[in-house]
Amino acid sequence: MTMTPPPTQCDIAIIGGGIVGSCVAYFAKTITPDAEVCVIEPDPSYEWASTLRASGGCRVQFTGVENIDMSLFGIDFIRNFDQTMSLPEREANAEWVEGGYLFIVPPDRMHALEDAAVTQRSRGAVVDILSPSELKQRFPSIHVDDLGGGALTPHDGWCDPYGLLWGVRRKAQSLGVAYLQDHVVGAQASPFAVRSLRLAGGATVTASVFVNAAGAWSAKIAGLMGMNLPVSPLKRYEHYFTAGTPVERLPYVKDYARLAFRSEGNGFSGGLVDGSIKRGFDFEVDHLYFEDIVWPAVAHRFPAFEAAKCHRTWSGLYEQSELDGNPIIGRWSSKLTNLYTAAGFSGHGMMHAPAAGRAIAELIAFGKYQTIDLTRLGYERVEQNAPYAEMGIL
Amino acid sequence: MKFGITAVTLVVRDYDEAIAWYTQALGFELLEDTPMDAGKRWVRVAPRGGGSALLLARAANPAQEAAVGAQTGGRVAFFLHTDDFARDYAALKAMDAFVSVPRDEPYGRVVVFEDLYGNRWDLIQSGSGTSA
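About the criteria used
- Residues numbered from 1 in each chain as written.
- Chains lettered and ligands numbered in written order.
- Predicted model: local features only at pLDDT ≥ 70, side-chain atom pairs only at ≥ 80, totals over all residues.
- Heavy atoms only, no water.
- Pairing = 2+ DSSP bridges.
- Helix = DSSP H or I, 4+ residues; strand = E, 2+ residues; numbered from the N terminus.
- Axes fitted to C-alpha atoms, helices over the stretch in contact; angles between N-to-C directions.
- Phe/Tyr/Trp six-rings, centres within 6.5 Å; stacked < 30°, edge-to-face > 60°.
- Buried < 20%, exposed > 50% of the residue type's maximum accessible area, 1.4 Å probe, protein only.
- Lys NZ or Arg CZ within 6 Å of the ring centre and 35° of its normal.
- Core = buried A, V, L, I, M, F, W, Y, C linked by side-chain atoms within 4.5 Å.
- Contact = heavy atoms within 4.5 Å.
- Expected span 1.5 Å × (residues − 1).
- Bend = angle between axes of the 7 residues up to and from the residue.
- Buried area = accessible area lost by both parts, 1.4 Å probe.
- Salt bridge = Lys/Arg side-chain N within 4 Å of Asp/Glu carboxyl O.
- Polar contact = N/O pair within 3.5 Å; in protein donor to acceptor, adjacent residues only side chain to side chain.
- Patch = residues over 30% accessible without salt bridge, like charges linked within 9 Å, V, L, I, M, F, W, Y side chains within 5 Å.
- Areas by Shrake-Rupley, 256 points an atom, 1.4 Å probe, with all protein chains shown as cover.
- Lys, Arg positive; Asp, Glu negative; His and termini not counted.
- Charge placed at Lys NZ, Arg CZ, Asp CG, Glu CD.

Draft legend 1. Broad picture of the sheet that holds strand β5 (residues 76-81) of chain B. All names here are of chain B. Strand order in the open sheet formed by four strands is β5-β8-β7-β6, with mixed pairing between adjacent strands. Strand pairing shows two members of the sheet lacking a second neighbour, β5 and β6 (103-105), which therefore form its edges. With direction set aside, neighbouring strand axes in the sheet form an average angle of 35 degrees. As paired elements, β6 and strand β7 (residues 108-114) share three bridges and run antiparallel to each other. The partner of E105 across the bridge, within β7, is G108.

Draft legend 2. Looking closely at the packing of aromatic side chains. Using the criterion set out here, one finds 32 aromatic pairs over all chains in the structure. Relative to F77 of chain A, the ring of F27 of chain A lies with its centre 5.6 Å away and its plane at 45 degrees, an arrangement referred to as tilted. Within this pair, whereas F27 of chain A is found in helix α1 (residues 19-31), its partner F77 of chain A is found in helix α2 (residues 65-79), the two being separated by 50 residues in sequence. F77 of chain A shares its class with F27 of chain A; the two are buried. Between the aromatic rings of F261 of chain A and F305 of chain A, the centroid separation amounts to 5.6 Å while the plane-to-plane angle is 80 degrees, which identifies the pairing as edge-to-face. Of this pair, F261 of chain A sits in strand β16 (residues 259-264) while F305 of chain A is found in the loop between α8 (289-301) and β18 (309-321), placing the two residues 44 residues apart along the sequence. Comparing F261 of chain A with F305 of chain A, the two get one shared label, buried. Members of the aromatic cluster, joined through ring pairs, are W21, Y22, F28, F78, F85, Y89, F98, F113 and W121 of chain B. In this structure, R59 of chain A is placed above the aromatic ring of F62 of chain A, and the distance from its NZ or CZ to the ring centre is 4.2 Å.

Draft legend 3. Just the nonpolar core, in detail. Residues and elements named next belong to chain A. Counting 72 residues, the largest nonpolar core has I12, I14, I19, F77, I78 and I329 as its most contacted members. Per-element tally for this core: the top contributor is helix α9 (residues 349-366), with 10 residues. With residues up to four places along the chain from it excluded, the contact list for I329 reads M70, T341, F345, A356, I360, Y369, L374, L377 and G378.

Draft legend 4. Just α8 of chain A, in detail. All names here are of chain A. Taking 1.5 Å per residue as the helical rise, α8 with its 13 residues ought to reach 18 Å, and the 18 Å between its terminal C-alpha atoms agrees with that figure. Along α8, the helix axis deviates most sharply at W295, where the bend reaches about 40 degrees; the proline P296 sits within four residues downstream. The secondary structure elements touched by the buried residues of α8 are β5 (101-105), β14 (231-242), β15 (252-255), β16, β17 (267-272) and β18.

Draft legend 5. View of the interface of chain A and chain B. Contacts between the two partners involve 21 residues from chain A, matched on the other side by 20 residues from chain B. Note on chain A versus chain B: buried area summed over both sides is about 1,400 Å², and carbon and sulfur give 44% of it. On the surface where chain A and chain B come into contact, there are one salt bridge. Among the salt bridges present, the one from D11 of chain A reaches K93 of chain B, with a minimum N-O distance of 2.1 Å. There are nine residue pairs in polar contact (both at pLDDT 80 or more) connecting chain A and chain B. Elements supplying a minimum of two residues to the side of chain A that touches chain B: β11 (193-199) and α9 of chain A.

Draft legend 6. A negative patch on the surface, seen in detail. A cluster of acidic residues, E284, D286, E291 and D292 of chain A, forms a negative patch on the protein surface. Mapping E291 of chain A onto the fold places it in helix α8.

Draft legend 7. View of the side chain of R301 of chain A. All names here are of chain A. Within the secondary structure layout, R301 lies in helix α8. According to the relative accessible area criterion, R301 is buried, its value standing at 6%. A polar atom in the side chain of R301 sits 2.6 Å from the backbone oxygen of H143. Not counting chain neighbours up to four residues away, the residues in contact with R301 comprise I104, S141, I142, H143, D146, L147 and D255.

Draft legend 8. Focus on the pattern of salt bridges. Residue and element names in this part refer to chain A. Within this structure, the stated rule accounts for 20 salt bridges over all chains. Linking D76 and R79 is a salt bridge whose minimum nitrogen-to-oxygen distance equals 3.2 Å. Taken as a pair, D76 and R79 lie in helix α2 at a separation of three residues, close to a single helical turn. With a shortest N-O distance of 2.6 Å, E264 and R262 are connected by a salt bridge.

Draft legend 9. Quick peek at the sheet that holds strand β7 (residues 149-153) of chain A. Residue and element names in this part refer to chain A. Ordered by their spatial adjacency, eight strands build an open sheet running β6-β7-β5-β15-β16-β17-β14-β18, and the pairing between neighbours is mixed. If you trace the sheet from one side to the other, it starts and ends with β6 (128-130) and β18, each paired once. Each strand of the sheet is rotated relative to its neighbour by a mean of 20 degrees, with strand direction disregarded. Bridge analysis of β15 against β16 gives two bridges, and the strand direction is antiparallel. Residue pairing for β16: K254 is matched across the bridge by A260.

Okay, here's the thing in structure tokens:
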């Protein structure tokens, strides 16, 4: 005879305890304090979780107003994080660095960059458009001859994903959120609602509403409930490297070849995503990737990196949204109407987690968004095959 | 003209399981259970606070079977008023049937639950919503 654990009952069950799920839990407990909230997270060490493998960047340089608004809220949240999230017994520390973001583009992309800046400013962001000579003046190590210019957002920056995740998780737990260490392996549903989850350990979790925040694993979770979620694991590398010769302190630089890196300690941290690679749960590190792919791009843009040396490479998964690169946030209104999704952040999950978490909590509590309107990021666009693409991702 | 709705038909899979659920889980009163031809029964249940009764009609063909739990295609089908939301919400929690968390709307405090077949019900307390 096997022992079956008793069912766990809560009001809001969140699948995935990374930064997105933890932010949903924190805001749910803030907005609906009476609700019992539980988070199902298989690994308290977060070994493979995308959150802890992220570079920590937060930027307003998007074209979609939802993304810009989510970033503005996220940056504000992270900037004030240490004050608002510290507990009497334990300080929270997100290690926010307001280092700025710098997008640099070839001449034929300048119009798009300037258009995006107009949108970003209209949402309240500070954006400085820089000519090649202005770029050279600010950042002497950049090779600007083939550039049309750049956009600098000085209030962007980066934080420590570990400090952010654990700060949110501990705060959520202090408010009464329960973290269950287990895998979701099954679901039971009525015709129009998820009724319960089955966990690998044998327990059953019943809840009034369910939130899929399983990141790179979110399509698997959705599949257990008969939902087709076009989100795939996409491997990317982050490298820590040094220049070899002195280089001025750099903001988070992104160029049109998808090179993205920033200062980190005495060196630099960044990578170059290959969006065309085969999708899958693959963490194997190609130690030649820096030498073959990243270094040529860095050395072209920053000749001072000719003698760059890569000290460490690690892999992590994007939860890539295959429809249009934008996240899927909202309620499955056409079928299992108590199932909410916050997934497919495509590399922007950490910076957008606070806003997405608050949005889901609002939707659950009020039936509609109260602050940032994320209606256009809903699952309906998947059902209608109507991509809503972000144009500003370089 | 002055009409009143006395009963609304709810298609069910089985008389006895439906009677048991509405009388035990929701505390409805069994108003009538009269045998009819061919195993059919005339079964009416109603909440003790008044309003229309439900006529529990057993599905007798594939179309009716398909309608069990789906008479409104996932829309809220029934509106159950209470004079004490917090009390009744707490009492019904054990049913484990809620599919939303309570919220305040202009018309009152409301939460959605599903009955044994998946039909949707609002539990409502009218008036200006108060946090319970």
